[in-house]
Amino acid sequence: MFMRIDHIGIACHDLEEKIALFSGLFELEVVAREVNEEQGVKEAMLRIADADGGGSYIQLLEPLSPDSPVGKFLAKRGEGVHHVAFGVPDVSEAMSKIGGKGVRLLDESPRHGSMGSQIAFLHPKDVGGMLTELVQAAKS
Ligand code: CMX
Ligand code: CO
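The structure displayed is predicted, hence computed values, not measured ones.

Reading guide: rules and limits
Residues numbered from 1 in each chain as written. Chains lettered and ligands numbered in written order. Predicted model: local features only at pLDDT ≥ 70, side-chain atom pairs only at ≥ 80, totals over all residues. Heavy atoms only, no water. Near = heavy atom within 4 Å. Polar contact = N/O pair within 3.5 Å; in protein donor to acceptor, adjacent residues only side chain to side chain. Areas by Shrake-Rupley, 256 points an atom, 1.4 Å probe, with all protein chains shown as cover. Helix = DSSP H or I, 4+ residues; strand = E, 2+ residues; numbered from the N terminus. Nonpolar A, V, L, I, M, F, W, Y, C, P; charged D, E, K, R; others polar. Pairing = 2+ DSSP bridges. Donors = N, O, S within 2.8 Å, 3.2 Å for Na, K, Ca; no water. Buried < 20%, exposed > 50% of the residue type's maximum accessible area, 1.4 Å probe, protein only.

(A) Representation of the site of ligand 1 within the structure. Taken together, the neighbourhood of ligand 1 is formed by 18 residues, with Q39, K72, R77, H82 and K125 sitting nearest. K72 places a polar side-chain atom, nitrogen or oxygen, 2.8 Å from an oxygen atom of ligand 1. Between ligand 1 and the protein, one listed contact pairs a nitrogen atom with a backbone N or O atom of H82 at 2.9 Å. Burial of ligand 1 by the protein chains amounts to 73% of its free accessible area of 970 Å². For the shell around ligand 1, the secondary structure elements donating two or more residues are α2 (69–77) and β5 (80–87). With six residues, α2 is the largest single contributor of residues to the shell around ligand 1. Considering only residue class, the shell around ligand 1 consists of seven nonpolar, five polar and six charged.

Right, dumping it as structure tokens:
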């Protein structure tokens, strides 16, 4: 079902500061910056690897407001790993397969994600405490 780890999402208070930290430490290049109003985030994608069908990245996330998912997470847990995102060939198919196993889907249908991808989230309480994102990369 999973083809790769698409990205690790990291919650932070100051996006520019964490871009400088991660790109400096690990020599990663920022390949996209976006504001995603629906998800309540300002974000940057730092490339780790390229591959046919989608690469893998670190996703740095700054909340647009305190009552957004990342804003609430920061208030409760502080900065750090927020979610793990897996690359799938077809996000709708993965949602129905996984939903059929009793896992709560946090999205009724796929939403717009980074770099033109289609995404959906699974409830962390049904996945061993890990907020899980499914990603169907944009066709290249
Ligand atoms: N990882 C693991 N557990 C988490 C979590 C996370 N990121 N966020 C919340 N939880 C846990 C909480 O600790 C809480 O557990 P307890 O009841 O034991 O305290 C439980 O889940 C419910 O959390 P909550 O704070 O009551 O609920 P929220 O209103 O914060 O909602 C969640 C949590 C996961 C449903 C919500 O954040 C969500 O819908 N997330 C999906 C969308 C998202 O995260 N978007 C931002 C990223 C965008 C992107 O990657 O592009
Ligand atoms: Co993500």
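(B) A look at the sheet that holds strand β8 (residues 132–136). If you walk across this open sheet you meet the eight strands as β2-β3-β4-β1-β5-β8-β7-β6, and the pairing is mixed. Strand pairing shows two members of the sheet lacking a second neighbour, β2 (29–36) and β6 (111–112), which therefore form its edges. Pairing of β6 with strand β7 (residues 118–122) involves two bridges; the strand directions are antiparallel. Bridge assignment links H112 to a residue of β7, and that residue is Q118.

(C) Highlighting the coordination of the cobalt ion (ligand 2). For the cobalt ion (ligand 2), the protein coordination sphere consists of H7 (NE2), Q59 (OE1), H83 (NE2) and E133 (OE), at 2.1 to 2.2 Å. Between consecutive donor residues of the cobalt ion (ligand 2), the sequence gaps follow H-x51-Q-x23-H-x49-E. Of this pair, H83 sits in strand β5 while E133 is found in strand β8, placing the two residues 50 residues apart along the sequence. For E133, a relative accessible area of 2% translates into the label buried.

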